[in-house]
Amino acid sequence: MTILEKRREFLEFDSNNNFYIEPENRHSAVRERLFDIIKTYNPKIIVKAGIGSGRLLLDIAREFDIYMLVVEPSLNIIKDFLQKNREDETIERIKFLNGDLHDFPVDYYAADLLICIDYLDIFDSSRCIDEFKRALQFDKILFISGTVLNSDDIEGLYDDFMRMVFPLHNDYYLENDFRTFLELKGFELMKSMLLKFENNIKSEIEYFASIYNDKSEDSAYAFLQSNREKFNELYCMDDEYNFSTSYYIGTYMRKKPDKS
């Protein structure tokens, strides 16, 4: 199985569970910020990376009369979304392309607003951002959001845990590192915010074990116990494995090349 096939397998699994990508507990916060951006910049063409849970996509289509294109790596997710919403007239305003986020099937300078939510730690973030930049018109907007490390988690303790339970996980950025990364890629920060959400590490362990069916559960709990003080300090983890994560929402503008 290729890495793209593994990603598709996980995306299809998660689309049926709504746990990792665009989960319900973050929906309202992301929706509010995204709608504010759409009203502020009035894009004519929106491109979204991935269907996600599908709820946010439908919210946009129902609220705004805008041409929308979605690039979804899994053809099965596209078919399932269309089948579930076949009686909803708003989906007629949404077009779908089955394609890899690393090889974005969107023309140069096609998008006025490009949306990416919760995908970067599954795919190669550098390749994705290069493709998003190529697809965006100059001075147009990238709306991007995802989990980031606690600012004091310099060693990436939460990253180490995630790699134990989720084989596709690459990295969570520190907030400042993510800003620097996008600036180096040719994007200018317009607005950003950091939100806190409560999660449960035990639920994460059980969720990933249910798809990968491996023996990482014992080693994951052992890792948490050996680093309990740091997880408590950085992520407020309690005895029930409840913990607090940081979630970054950023709005960036694609800068014009320096003529000099």
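An account of the accompanying structure is given in this report. Residue numbers run consecutively from 1 along every chain, following the written order of its sequence. Where local features are concerned, this predicted model is filtered to residues with pLDDT of at least 70; where side-chain atom pairs are given and counted, the filter is 80 or more; whole-chain, interface and lining totals use all residues. The side-chain quantities take in all heavy atoms of the structure and omit both hydrogens and water.

**Focus: the nonpolar core**
Line of reasoning, step 1. In these notes, a set of buried Ala, Val, Leu, Ile, Met, Phe, Trp, Tyr and Cys residues joined through side-chain atoms within 4.5 Å is what counts as a nonpolar core. Residue exposure (1.4 Å probe, protein chains only): buried if accessible area is under 20% of the type maximum, exposed if over 50%, otherwise partly exposed. Ile60, Leu142, Phe161 and Phe231 are the most contacted members of the largest nonpolar core, which totals 90 residues.
Line of reasoning, step 2. In this analysis, two residues are considered to be in contact whenever any of their non-hydrogen atoms come within 4.5 Å of each other. For isoleucine 60, the residues in contact, after removing those within four places along its chain, are Leu34, Phe35, Ile38, Ile46, Met68 and Ile115.

**Overview of the environment of phenylalanine 243**
Line of reasoning, step 1. Starting at the N terminus, helices and strands are each numbered in turn, a helix being any DSSP run of H or I of at least four residues and a strand any DSSP run of E of at least two. With respect to the helices, strands and loops of the structure, phenylalanine 243 is situated in strand 7 (residues 242–254).
Line of reasoning, step 2. Its relative accessible area of 1% is what places phenylalanine 243 among the buried residues.
Line of reasoning, step 3. In this structure the C-alpha to C-alpha distance between phenylalanine 243 and isoleucine 201, which are 42 residues apart in sequence, comes to 6.9 Å.
Line of reasoning, step 4. With near-sequence residues (within four places) excluded, phenylalanine 243 lies in contact with Tyr158, Phe197, Glu198, Asn199, Asn200, Ile201, Glu204, Tyr235, Cys236 and Met237.

**With respect to the packing of helix 2 (residues 24–41) against helix 3 (residues 55–63)**
Axis angle and axis distance: for two packed helices, these are the angle between their axes and the distance between the axes, and together they describe the pair.
Line of reasoning, step 1. Helix axes are fitted to C-alpha atoms over the stretch in contact, other axes to C-alpha atoms as well, and angles between N-to-C directions run from 0 to 180 degrees. Running from amino to carboxyl end, helix 2 crosses helix 3 at an angle of 35°, the nearest separation of the two axes being 10 Å. In terms of crossing hand, the pair formed by helix 2 and helix 3 is right-handed. Residues Glu24, His27, Val30, Arg31, Leu34, Phe35 and Ile38 of helix 2 touch helix 3, and the partners they reach there are Arg55, Leu56, Asp59, Ile60 and Glu63.
Line of reasoning, step 2. Residue polarity is assigned by list, with Asp, Glu, Lys and Arg as charged and Ala, Val, Leu, Ile, Met, Phe, Trp, Tyr, Cys and Pro as nonpolar; anything else, Gly included, falls into the polar class. In terms of residue class, the contact of helix 2 with helix 3 is made up of 6 nonpolar, 1 polar and 5 charged. It is the rotation of the near helix from the far one that decides the hand of a crossing: anticlockwise by less than a right angle makes it left-handed, clockwise makes it right-handed.

**Considerations on the pattern of salt bridges**
Line of reasoning, step 1. The term salt bridge refers to a pairing of a side-chain nitrogen on Lys or Arg with a carboxyl oxygen on Asp or Glu at a separation within 4 Å. Applying the stated criterion across every chain, the model contains 17 salt bridges.
Line of reasoning, step 2. The residue arginine 62 makes a salt bridge to aspartate 88 at a minimum N-O spacing of 2.5 Å. With a gap of 26 residues between them, arginine 62 in helix 3 and aspartate 88 in the loop between helix 4 (75–84) and strand 3 (94–98) connect regions that are remote in the sequence.
Line of reasoning, step 3. According to the relative accessible area criterion, aspartate 88 is buried, its value standing at 17%.
Line of reasoning, step 4. For arginine 93, the salt bridge identified is with aspartate 65, shortest N-O distance 3.9 Å. Residue arginine 93 is found in the loop between helix 4 and strand 3, and its partner aspartate 65 is found in the loop between helix 3 and strand 2 (67–72); the two are separated by 28 residues along the sequence.
Line of reasoning, step 5. By relative accessible area, arginine 93 is classed as partly exposed at 29%.
Line of reasoning, step 6. Look at aspartate 65 and you get exposed, because its relative accessible area is 74%.
Line of reasoning, step 7. Three or more residues are tied together by salt bridges with common partners; here these are Asp160, Arg163 and Asp171.

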